[in-house]
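# Descriptive structure summary
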Amino acid sequence: MRGPAATTPADAGKPALQPAADLEIREMGRGEEAERDRFVASSAMGTLFHLSAWTAVVETILNQRCLCLVARRGRKITGIFPMALIRSRLFGDCLVSMPLAVYGGVCADDQESYSSLVRAACDLARRQQVRYLEMRNRAEPFPSDLPGRDLYVTFTQDLGAGADKLLAGLPRDTRYMVRKSQKAGLEWTEDLSLDEFYEIYARSVHRLGTPVFPRELFTRLRSDFPSQCRIFGVRKGKAAVAGVLCLYFKDTVLPYYGGSLAEFVKDAPNNFMYWNLMAQSCREGYRVFDFGRSKRGTGSFQFKSSWSMEVTPLPYRYHLVRAKDVPHMSPIDRKFQAPVEIWKRLPFGLTKILGPRVIRRIPSI
């Protein structure tokens with residue numbers, strides 16, 4: 001990747017990308033991953049997607065070049081900014097922080113570190129002559145004049161009240177669906193195999209007209225995050241009818257990838273699955289249920305809205321280089337309607353072959 005070369009501790013005295021007083025901004029080098037992860041774990045802005053292991057997953061699964069800018073004052077890290085260079089003939093090249101992640105962007109302790117990392121990333125985007133730099137911010141602690149798009153929101157639920165009060169506080173229709181699912185002979189299970197989960201997930205995204213990720217993604221998540229990744233499922237009899245892969249970080253549980261089989265929709269397996277996950281998370285002492293990102297106007301947005309959770313707009317920001325407008329990459333946009341419908345009509349087996357090849361080149365994943 002052109003631009004600033006990766007540095008090592010021996011390179012620390014070399015010119016920084018964006019010198020500012022005692023603050024050094026440079027590309028993080030090999031051997032600094034443990035220090036980076038300690039900073040992320042201690043930072044209020046840190047997410048699981050800022051960890052070095054997530055960068056490794058992106059590099060392996062998407063076969064894209066990743067880097068991480070770091071802000072330092074002396075030996076102390078005060079901020080990081082991980083990103084990946086996405087090469088796409090169809091959509092054009094871009095820098096994204098981070099692919100496969102709903103949250104990303106800068107993780108920094110102070111405004112100077114934050115702003116300096118953003119400036120350095122914008123400079124890098126210009127040197128790379130990408131179409132744009134995308135920052136998937138979870139929050140925006142400092143003001144920005146970069147353009148954004150009012151598309152994504154995230155849903156969260158405070159679990160502190162406990163399962164009984166949470167169930168009583170659900171909207172009537174949602175509570176009814178949970179009760180209905182509990183009478184449908186469904187069983188909550190922690191022994192769903194990866195093969196079972198992947199088959200359910202692949203069928204679910206095919207039904208939505210979305211290319212499926214390679215199975216290797218889920219294998220890597222389980223191996224690289226052994227204590228932070230778990231798979232749960234729902235059975236009816238011996239049949240696996242729904243499944244969810246959850247990620248855990250600090251006091252938060254994130255049901256990250258999930259799906260159910262269409263032929264069991266009458267039993268409300270999704271309501272059963274997510275309610276049981278909430279109840280279990282309460283028992284295990286987690287404080288926040290992060291239902292994740294959704295695009296306004298989609299089916300997942302409507303489903304999550306029915307749980308009366310806190311809805312927070314996600315302040316994604318963009319630095320435009322060759323692009324003239326903020327990218328529009330939503331399945332509800334008119335330009336994507338035809339491809340979505342075509343994908344739905346493809347044979348399911350074929351989508352499992354083509355999907356992993358296609359999705360690697362879609363910047364919005």
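Here, every reference points to the structure presented above.
Residues numbered from 1 in each chain as written. Predicted model: local features only at pLDDT ≥ 70, side-chain atom pairs only at ≥ 80, totals over all residues. Heavy atoms only, no water.

### Here's the deal with helix 5 (residues 172–182)
For an α-helix, 3.6 residues make a turn, and residues three or four places apart therefore share a direction. What counts is decided by this rule: Only protein chains enter the calculation, and the probe is 1.4 Å; a residue is then buried if its accessible area is under 20% of its type maximum, exposed if over 50%, and partly exposed in between. Under the scheme used here, helices are H or I runs from DSSP no shorter than 4 residues and strands are E runs no shorter than 2 residues, and both carry numbers assigned from the N terminus. As used here, the arc belongs to the directions running from the helix axis to the C-beta atoms. Two residues qualify as a contact provided that any one of their heavy atoms is within 4.5 Å of a heavy atom in the partner residue.
For helix 5, every residue scored as buried is listed here: Thr 174, Val 178 and Ser 181. The arc that holds every buried residue of helix 5, seen down its axis, measures 65°, which confines them to one face. In helix 5, those exposed residues whose orientation departs by more than 90 degrees from the buried face are Arg 172, Asp 173 and Tyr 176. Buried positions along helix 5 lie against helix 4 (163–169), strand 8 (186–189) and helix 8 (269–283).

### Things to note about the pattern of salt bridges
Here is the rule: By definition, a salt bridge exists where a carboxyl oxygen of Asp or Glu is found within 4 Å of a side-chain nitrogen of Lys or Arg.
Counted by the stated rule, this structure contains 24 salt bridges. Notably, a salt bridge pairs Arg 317 with Glu 140, separated by 2.8 Å at the nearest N-O pair. Of the two residues, Arg 317 is situated in strand 14 (residues 317–320) and Glu 140 in the loop between strand 6 (132–135) and strand 7 (152–158); the sequence distance between them amounts to 177 residues. The class for Arg 317 is buried, based on a relative accessible area of 19%. Linked through salt bridges whose partners overlap, the residues forming this network are Glu 24, Arg 26, Glu 32, Glu 35 and Arg 72.

### Considering the sheet that holds strand 10 (residues 239–249)
We apply this condition: Strands were regarded as paired on the criterion that DSSP finds at least two bridges between them. Note on geometry: axes are lines fitted to C-alpha atoms, helical ones only across the stretch in contact, with angles between N-to-C directions running from 0 to 180 degrees.
Here we have seven strands laid out as an open sheet, ordered 8-9-10-11-12-7-13, and mixed in their pairing. Two strands bound the open sheet, and with one partner strand each, they are strand 8 and strand 13 (310–313). Ignoring which end each strand starts from, the neighbouring axes of this sheet average 30° apart. Bridge count between strand 7 and strand 12 (residues 288–295): seven bridges; the pairing is antiparallel. Note on strand 12: the bridge partner recorded for Asp 158 is Val 288.

### Quick word on the packing of helix 6 (residues 194–208) against helix 11 (residues 348–359)
Stated precisely, the cut-off is as follows: Angle categories: roughly parallel below 35 degrees, roughly antiparallel above 145, roughly perpendicular from 65 to 115, and oblique for all the rest. Classification convention: Asp, Glu, Lys, Arg as charged; Ala, Val, Leu, Ile, Met, Phe, Trp, Tyr, Cys, Pro as nonpolar; all other residues, Gly among them, as polar.
One way to put it is that helix 6 packs onto helix 11 with a least axis distance of 10 Å and a crossing angle of 95°. Considering their axes alone, helix 6 and helix 11 lie roughly perpendicular with respect to each other. For the pair helix 6 and helix 11, contact is made by Tyr 198, Glu 199, Ala 202, Arg 203 and His 206 and by Phe 348, Thr 351 and Lys 352, respectively. Residues of the contact of helix 6 with helix 11, tallied by class, amount to three nonpolar, two polar and three charged.

### Topic: the nonpolar core
Under the convention used in this document: Residues enter a nonpolar core if they are buried and are Ala, Val, Leu, Ile, Met, Phe, Trp, Tyr or Cys, with the set joined through side-chain atoms within 4.5 Å.
The biggest cluster of nonpolar side chains holds 94 residues, and the ones touching the most others in it are Phe 49, Trp 54, Leu 100, Phe 218 and Tyr 257. By residue number, the principal contributor to this core is strand 10, which donates nine residues. Setting aside its immediate chain neighbours within four residues, Trp 54 contacts Leu 48, Phe 49, Met 98, Pro 99, Leu 100, Ala 101, Leu 221, Phe 225, Leu 247 and Tyr 256. In terms of nonpolar packing, the next biggest core, distinct from the first, is built from 24 residues, Met 83, Leu 85, Leu 117 and Ala 120 among them.

### Structural notes on the packing of aromatic side chains
As a reminder, the rule being used: Aromatic rings from Phe, Tyr and Trp, taking only the six-membered ring of Trp, are treated as a pair when their centres fall within 6.5 Å; an angle between ring planes under 30 degrees marks them as stacked, one over 60 as edge-to-face, and anything in between as tilted. Consider the ring centre and the ring normal. A charge sits over the ring if Lys NZ or Arg CZ is within 6 Å of that centre and within 35 degrees of that normal.
Under the defined criterion, the tally for this structure stands at 25 aromatic pairs. Ring centres of Phe 197 and Phe 218 lie 5.4 Å apart, and the angle between their planes is 75°; this geometry places the pair in the edge-to-face category. Of this pair, Phe 197 sits in helix 6 while Phe 218 sits in helix 7 (residues 215–224); the two residues are 21 residues apart in sequence, bridging distant segments of the chain. The buried category is assigned to Phe 218, whose relative accessible area is 0%. Members of the aromatic cluster, each reached through a chain of ring pairs, are Phe 49, Trp 54, Tyr 103, Phe 197, Tyr 198, Tyr 201, Phe 213, Phe 218, Phe 225, Tyr 256 and Tyr 257. For Arg 138, the ring lying beneath its charged end belongs to Tyr 103, and the centroid distance is 4.9 Å. Residue placement shows Lys 304 over the ring face of Phe 291; its charged tip is 5.5 Å from the ring centre.

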